[in-house]
Amino acid sequence: MPETSVDTNTLPAVFDGHNDVLLRLYRAGGPKAAESFVTGGPGHIDLPKAREGGLGGGFFAVYVPSDEGDTDHDEMARDSYDLPLPEPVPQDRALQVAMAQIATLERLQELGALKICRSAAEIHISMVEHKLAAVLHMEGAEAIDPELITLDVLHGAGLRSLGPVWSRPTIFGEGVPFRYPSDGNTGGGLTDLGVALVRRCNALKIMLDLSHMTMAGFWDVAKHSDAPLVATHSNAHAICPHARNLTDAQLDAIAASDGMVGLNYATAFLRPDGRMVDTGLDDMLRHLDHLLDRLGESRVGLGSDFDGALIPSAIGTAAGLPALRRAMVAHGYGPELIARICQGNWLRVLEKTWGH
């Protein structure tokens, strides 16, 4: 039997594929709320919780909320559901919100809470020095203009990862709805502007995140991109048949591109019944097993969705990450595999995507 009594200090720090802490801070006042991240408070991630749980860094998402409000978690607690796609967000409004969130990330760096990283080497150094490593990510490209001028400017400001869509339409393509049961075959793929966006991201070496794309959009990116295919916070459709999760055919394509998938902790994408209610760590391990089976041990990581979803209570916040790592040990994962899942695979795919 695997050893279940583990000194958490010996477990590897976690580099995480997705969080929404910038949205939470934006709603709390933007840069003025940055000090609360340093001192600690409500929410899944702040500096004290990161230190307690061994969170070494991750993708800090810039996300523009819809006018209709947040995703209805109460509706997603039903046996089946199909939430309507929110309306598109105008580019001028999206850019204003994005700038406020990026300014918040910059303020966190000024306060010494984290380091904005632009290369895999910077992430590694930051984590070794126990400084929270932050990658600037954009979840949905509403802030990008059709000429892609904004994309170049944001890249200069440190943008290194971009999801062309969230779960609503943009000028670049369509996103999947929050629908259960369903697969991602819910709408159209990339527009001509979307193809241009993919090619420009390839040229700038901005990683493309496929997590919220329709099945058609996924295959369009696979056709037009020359980079590894990556879904920063998605799970296995074979375990939970939700529109947000990836089919085996999609996982096989990701493996063939030498990309990777980050396990999403949102309970609705973990539970086989698709309900956004609490669940245990066993469901997370089932998804990890399936992802490892389809992708291999070098292409699976973590993508929590902290501050953006209902997380299993056994973890709760970033401070609870040792519970997940202990569960991996108890499940029989060896130390090398755990280190790959927690951080090594992300560093590998980012170096391959961004270059040295």
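An account of the accompanying structure is given in this report. (Residues numbered from 1 in each chain as written. Predicted model: local features only at pLDDT ≥ 70, side-chain atom pairs only at ≥ 80, totals over all residues. Heavy atoms only, no water.)

1. Description of the pattern of salt bridges
Overall, the coordinates contain 17 salt bridges when judged by the stated rule. Where D46 meets K49, a salt bridge forms, and the shortest distance between an N and an O atom there is 2.6 Å. Put simply, E142 and R168 hold a salt bridge, and the shortest N to O gap is 2.6 Å. With E142 in the loop between β5 (132-139) and α6 (149-156) and R168 in the loop between β6 (159-163) and β7 (179-180), the pair connects residues that are 26 residues apart, well separated along the chain. Just as E142 is buried, R168 falls in that class too. By sharing partners, the salt bridges in this structure join D258, R299, R348 and K352 into a single network. (Salt bridge = Lys/Arg side-chain N within 4 Å of Asp/Glu carboxyl O. Helix = DSSP H or I, 4+ residues; strand = E, 2+ residues; numbered from the N terminus. Buried < 20%, exposed > 50% of the residue type's maximum accessible area, 1.4 Å probe, protein only.)

2. Some details on the packing of aromatic side chains
The full count for this structure, using the stated rule, is 8 aromatic pairs. Aromatic side chains W166 and F178 sit 5.9 Å apart centroid to centroid with 50° between the ring planes, which places their arrangement in the tilted category. Pair noted here: W166 is in the loop between β6 and β7 and F178 is in the loop between β6 and β7, with a separation of 12 residues, a long-range link. Judged on exposure class, the residue W166 and its partner F178 are both buried. Plain terms: the ring middles of F218 and W219 are 5.0 Å apart, the flat faces sit at 80° to each other, and that makes the pair edge-to-face. Residue class for W219 comes out partly exposed when judged on its relative accessible area of 35%. A cation sits over an aromatic face here: R244 above F269, 4.9 Å from the ring centre. (Phe/Tyr/Trp six-rings, centres within 6.5 Å; stacked < 30°, edge-to-face > 60°. Lys NZ or Arg CZ within 6 Å of the ring centre and 35° of its normal.)

3. Side note on the pairing of β6
Burial of β6 is extensive: 5 of the 5 residues sit out of reach of the surface. A crossover connection joins β5 to the parallel β6 through α6; in handedness this β-α-β unit is right-handed. Bridge count between β6 and strand β8 (residues 207-208): 2 bridges; the pairing is parallel. Paired with L162 across the bridge in β8 is L208. (Right-handed = clockwise from strand over helix to strand, strands pointing away. Pairing = 2+ DSSP bridges.)

4. Some words on the packing of helix α11 (residues 281-295) against helix α12 (residues 321-331)
Any two packed helices are characterised by the angle at which their axes cross and by the distance between the axes. Where α11 contacts α12, the two axes come as close as 10 Å, and the packing angle between them is 60°. For the crossing formed where α11 meets α12, the hand is right-handed. On α12, the residues that touch L281, M284, L285, L288 and D289 of α11 are A323, L324, A327, M328 and H331. (Axes fitted to C-alpha atoms, helices over the stretch in contact; angles between N-to-C directions. Left-handed = near helix turned anticlockwise from the far one by under 90°. Contact = heavy atoms within 4.5 Å.)

5. Regarding the nonpolar core
What tends to happen in soluble globular proteins is that the nonpolar side chains get buried as a cluster. Core analysis: the largest hydrophobic core is formed by 87 residues, its most contacted members being F37, M138, L151, Y265, L302 and M328. For this core, the leading source of residues is α11, giving 7 residues. Residues contacting M328, with those up to four places away along its chain left out, are L285, L288, L302, Y333, I338 and I341. If you look at the next biggest cluster of nonpolar residues, it comprises 15 residues, including M127, V135, V230 and W354. (Core = buried A, V, L, I, M, F, W, Y, C linked by side-chain atoms within 4.5 Å.)

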